[in-house]
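# Secondary and tertiary structure notes
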Amino acid sequence: ETMESAEGRFTTRCQNAATIVEFLEAHPLIEEVFHPSASNYRHASIFEEQYKLGGSLLSFRIKELDEDQTGHFCDALAMTIPFRYALSFDGLVSKVNHHKSVSEFYTPPPLLKKQGIHRLVRLGVGCETSSDLVACLNWALWNHDKISPEEIRQSQRNRIKDLGLELPEALLDGNDN
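Cut-offs and rules
Residues numbered from 1 in each chain as written. Predicted model: local features only at pLDDT ≥ 70, side-chain atom pairs only at ≥ 80, totals over all residues. Heavy atoms only, no water. Helix = DSSP H or I, 4+ residues; strand = E, 2+ residues; numbered from the N terminus. Rg over C-alpha atoms; globule rule 2.2 N^0.38 Å. Buried < 20%, exposed > 50% of the residue type's maximum accessible area, 1.4 Å probe, protein only. Contact = heavy atoms within 4.5 Å. Pairing = 2+ DSSP bridges. Salt bridge = Lys/Arg side-chain N within 4 Å of Asp/Glu carboxyl O.

A tally of helices and strands in the chain yields eight helices and five strands. Moving toward the C terminus, one meets the helices and strands of the chain in the order α-β-α-β-α-β-β-α-α-β-α-α-α. Its C-alpha radius of gyration of 17 Å places the chain within 12% of the 16 Å reference for a compact globule of 177 residues. Relative to its 177 residues, the chain shows a buried fraction of 40%. A separation threshold of at least 6 residues defines the contact pool for the chain, and within that pool the share at least 24 residues apart is 69%.

What follows is the structure in structure tokens.
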């Protein structure tokens, strides 16, 4: 890989993230968006002075969803083709995670809220077509509450099978003991 091709992919990821930020800020179900290109970014003047691109990582909160509902939204979004669950956000494909489920599993809810990291959906935006990413986000925002936990588990089983992975049935059913 050349520096030019790597820079081109990074630029695409950053532009896709900025497009998603713009979409999320205008969406009626979104409470807050966190990214240097967001209109409420408190260090906008420093960012504009020192950076050309805002990066490909962003997070947001959905109005009126609690932690469990936010996790369910992330599960629904991960049912779409472009978005995958991930612990790490580096790479060329778009990834999602529910901050509480992944990074703060043992943190009590009052501490999450005090730290300002409660109910966060985090995205690592990839090189897919930005209109596809926005369409998937929009679909998940309007439809996550219509999808049952069993439908999500079945989708996860199908994806595992499609990837050729073999996992113990207990894990597929959500039982870790």
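Where burial is concerned, most of strand β2 (residues 57-62) is hidden: five out of the six residues are buried. With four bridges connecting them, strand β1 (residues 30-34) and β2 associate as antiparallel partners. Bridge pairing in β2 links Phe34 to Ser59.

What follows is about the pattern of salt bridges. Under the counting rule described, the total for this entry stands at five salt bridges. Where salt bridges share partners, they join Glu150, Arg153 and Arg157 into one cluster.

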